[in-house]
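The residues making up each chain are set out below.
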Amino acid sequence: MKATELFNSESHQWIVLGRDPAKPEKIIDTNQYLIKSAEEAIILDPGGIELFSPMLAGILHHVQIDNITTLFASHQDPDIISSLGLWDKTVPNAKLYAPWLWEGFIRHFGMENIQYMPIKDEGGEIKLGHAILKFIPAHYLHSSGNFNVYDPSAKILMSGDIGASLEHGDVPLFVDNFAEHIQYMEYFHRRWMPSNRAKNNWVARVRELDIDMMAPQHGRIFKGEMVAEFLEWFAKLDVGIA
Amino acid sequence: MISSHQATMAINNFVRVANIITNLDTILSQAKNLSLTAKNARVVALRAGDAAFGFKPITNFIDEFSTQTIKTTSEISKLSNQLFSLALAVVRCTDLQHQLNKANSIKQHKCIVTLQQQSLCDLKQKTRALEQAIFSLESYFEDIQKQMRSAEYIAVTSRVEASNAGEFSHSLESVSDFITNSARKIKTAVNENLQEIYELRGALR
């Protein structure tokens, strides 16, 4: 599994893990994000069961297992959190932050040790070392209980399925040509995102944030002006169409 | 080190536990029917008066062993929840072992080795607990088997008594037939479960 550093400061570091060459062909590729401070680490959307072993092996390059104190699940899908039953035994003292709406569902993945920390609809925030991570509501994009993670200091928005693209082959990490990239995103957003109202509300709120990087759970990451281009494109897109 | 064969075995064991629990329904429903039959037979025997004098204590016997079977089955039901969660825990531990082995082949790290050792220890502990629960389960089924042997004996005795009950013979003979059939069904379910337990113990060894 490839690991790339997205941000590094004295207080914390962002690393994206993904593009696993050993991934079974029919499984959708996912980006997992590790944020680590000197003594703590959080994994955002740790991924599915199939990815657990390469993820564990990849993460141990960067962090001691006992330092993984927190997991975050943007929503309840299996590609996001079906590995929970395995993490539950690997980091039994960790906490899982996830939408309150999905607690009874996510527990089906197996959770005897990890503590479920329900995130209220209006969002919230946690501290990781000296860094603050904000849970930004992204309900109905696509899941009815859904959050992004915003780091005001790193100016990174982990946007979950928003901005996701479906490409095959050895895909670059960053979007370099937005117009060309639309073909990989358009169907996904039209089909998976059910509500124009929720989408417009999200766009309005996210435009208020200072963002250098928008990091989705699938496909390429948006950097610099590509973020604004995405927001403009997404604002105009008619979603909820099969 | 857990192989994919061992992972399959863990799943198969889980299916065996599920089969055992499914058979419990058969045992419980037949035992409840037996209890009901005992009550009906008592009414018929009362009506028959002296003609069914020998049948009255038999109905008490039927009631006694059916109540005992219901009680034993209820105890097994309580144990079955524990069995299911232990079998599931064994599957999960085995799965974790399998994933950790894969992680170790990607990157050798002392932390992964520690996790492998911890998870193997956990697996052994859960397997031992499962073995213990299976041992208790076996003794419960052996109890039911004994009760069903008594039921078969009573079915034969009751048929003799029923033949002396004059106009009530037919009703009481159908009670005897019912006891025979129920006891047979319960015995079959118990034998199937003992076979599953036997295989489960072999697989866990």
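The residue count restarts for each chain, going from 1 along the sequence in the order it is written. As they are written, the chains are lettered A onward and the ligands numbered 1 onward, keeping that order. Two thresholds apply to this predicted model, a pLDDT of at least 70 for residue-level local features and 80 or more for giving and counting side-chain atom pairs, whereas whole-chain, interface and lining totals are computed over all residues. The basis for every side-chain value is the complete set of heavy atoms in the structure, and neither hydrogens nor water enter the calculation.

1. Regarding the overall build of chain B
What counts as a helix is a DSSP run of H or I of at least four residues, what counts as a strand is a run of E of at least two, and both are numbered from the N terminus. Counting secondary structure elements, chain B contains 4 helices and 0 strands. Listing every helix and strand of chain B by position from the N terminus yields α-α-α-α. Only C-alpha atoms enter the radius of gyration, while the globule expectation follows 2.2 Å times N to the 0.38, with N the number of residues. Whereas a compact globule of 205 residues would reach a radius of gyration of roughly 17 Å, chain B reaches 24 Å, over 25% beyond that. The principal-axis extent of the C-alpha atoms belonging to chain B is close to 85 × 20 × 20 Å. Any residue under 20% of the maximum accessible area for its type is buried, any over 50% is exposed, and the rest in between are partly exposed; the area is computed with a 1.4 Å probe on protein chains only. Each of the 205 residues in chain B was classed as buried or not, and the buried ones make up 45%. Whether two residues are in contact is decided by their heavy atoms: any pair within 4.5 Å suffices. By sequence separation, contacts in chain B at least 24 residues apart represent 83% of the contacts at least 6 residues apart. Each accessible area value is a Shrake-Rupley result obtained with a 1.4 Å probe; residue values ignore everything except the protein chains displayed when judging cover. Counting only carbon and sulfur atoms, one obtains 54% of the accessible surface of chain B, whose full area is about 10,600 Å². Just so you know, the count uses Lys and Arg for positive and Asp and Glu for negative, and it drops His and the chain ends. By convention, charge coordinates are those of NZ in Lys, CZ in Arg, CG in Asp, or CD in Glu. Here chain B contributes 23 positively and 19 negatively charged side chains, and the mean placements of these two sets differ by 10 Å.

2. Focus on the overall build of chain A
Secondary structure assignment for chain A yields 7 helices and 13 strands. Relative to the globule expectation of 18 Å for 242 residues, the C-alpha radius of gyration of chain A, 17 Å, shows essentially globular dimensions. Each of the three principal axes of chain A carries a C-alpha extent, and together these read 45 × 40 × 35 Å. Taken across its 242 residues, chain A has 58% of its residues classed as buried. Counted over contacts in chain A with a minimum sequence separation of 6, partners at least 24 positions apart contribute 63%. With the model as given, the accessible surface of chain A reaches about 10,400 Å², and the carbon-plus-sulfur share is 49%. The distance from the centre of the 21 positive side-chain charges to the centre of the 32 negative ones in chain A is 4 Å.

3. Topic: the sheet that holds strand 7 (residues 115-119) of chain A
Residue and element names in this part refer to chain A. For two strands to pair, DSSP has to find at least two bridges joining them. Here 7 strands make up an open sheet; going across it, the order is 1-2-3-4-5-6-7 and the pairing mixed. Because the sheet does not close on itself, it has two edges, and the strands there are strand 1 (2-8) and strand 7. Strand-to-strand twist in this sheet, taken as the mean axis angle between neighbours without regard to direction, amounts to 20 degrees. As paired strands, strand 4 (residues 41-44) and strand 5 (residues 68-72) are joined by 4 bridges and run parallel to one another. Looking across to strand 5, one finds that I42 is bridged to T70. Angular values range over 0 to 180 degrees, each being the angle between N-to-C directions of two axes fitted as lines to C-alpha atoms, with helices fitted over their stretch in contact. Where helix 1 (residues 52-59) meets the sheet, its contacts fall on strand 2 (13-18), strand 3 (31-36), strand 4 and strand 5, and the angle it forms with strand 2 comes to roughly 145 degrees.

4. Things to note about helix 5 (residues 178-192) of chain A
All names here are of chain A. Compared with an ideal rise of 1.5 Å per residue, which puts 15 residues at 21 Å, helix 5 spans 20 Å between its outermost C-alpha atoms and is within 8% of the ideal. To get the bend at a given residue, fit one axis to the seven residues ending there, fit another to the seven starting there, and take the angle between those axes. Of all the bends in helix 5, the largest measures some 45 degrees and sits at Y184. Listing the buried residues of helix 5 in full gives F178, H181, I182, M185, F188 and H189. Packing partners of the buried residues in helix 5 comprise strand 13 (222-223) and helix 7 (225-236). Helices are assigned an expected span. That span is 1.5 Å times one less than the residue count.

5. Regarding the side chain of B:Q145
Secondary-structure assignment places B:Q145 in helix 3 (residues 110-163). Apart from the residues within four sequence positions on either side, B:Q145 is in contact with B:V190, B:N191 and B:L194.

6. Side note on the pattern of salt bridges
What makes a salt bridge here is a side-chain nitrogen of Lys or Arg within 4 Å of a carboxyl oxygen of Asp or Glu, nothing more. Enumeration over the complete set of coordinates arrives at 18 salt bridges over all chains. For the salt bridge of B:D63 with B:R42, the shortest nitrogen-to-oxygen distance reads 3.4 Å. Separated by 21 residues along the polypeptide, B:D63 in helix 2 (residues 55-106) and B:R42 in helix 1 (residues 4-48) bring together distant segments of the chain. By relative accessible area, which is 28% here, B:R42 ends up partly exposed. Salt bridges here are not isolated pairs; linked through shared partners, they connect A:E167, A:D176 and A:R220.

7. As for the packing of aromatic side chains
Residues and elements named next belong to chain A. Note on aromatic contacts: the rings of Phe and Tyr and the six-membered ring of Trp form a pair at centre separations within 6.5 Å, being stacked when their planes are under 30 degrees apart, edge-to-face when over 60 apart, and tilted otherwise. Within the structure shown, the criterion is met by 13 aromatic pairs over all chains. Between the aromatic rings of F72 and F135, the centroid separation amounts to 5.4 Å while the plane-to-plane angle is 5 degrees, which identifies the pairing as stacked. Separated by 63 residues along the polypeptide, F72 in strand 5 and F135 in strand 9 (residues 131-137) bring together distant segments of the chain. We note that F72, like F135, is buried. Taken together, a centroid distance of 5.9 Å and an interplanar angle of 75 degrees make the contact between W202 and F234 edge-to-face. Of this pair, W202 sits in helix 6 (residues 196-207) while F234 sits in helix 7; the two residues are 32 residues apart in sequence, bridging distant segments of the chain. You'll find W202 and F234 in the same group, each marked buried. Here a set of aromatic residues connected by ring pairs shows up, and it is made of F178, W202, F222, F230, W233 and F234. By definition here, charges over rings are those cases where NZ of Lys or CZ of Arg is within 6 Å of the ring centre and within 35 degrees of the ring normal. Over the face of the ring belonging to F174 we find K223, whose NZ or CZ atom lies 4.4 Å from the ring centre.

8. Details of helix 2 of chain B
Taking 1.5 Å per residue, 52 residues should reach 76 Å; helix 2 of chain B reaches 74 Å between its end C-alpha atoms and fits that length. At B:L79, helix 2 of chain B shows its largest bend, some 25 degrees.

9. Here's the deal with the sheet that holds strand 8 (residues 124-128) of chain A
Residue and element names in this part refer to chain A. Sheet architecture is open: 6 strands sit in the order 8-9-10-11-12-13, paired in mixed fashion. Each edge of the sheet is formed by a strand with only one pairing partner; in this case those strands are strand 8 and strand 13. The sheet strands contacting helix 6 are strand 9, strand 10 (147-151), strand 11 (156-160) and strand 12 (213-216), and the helix crosses strand 9 at an angle near 155 degrees.

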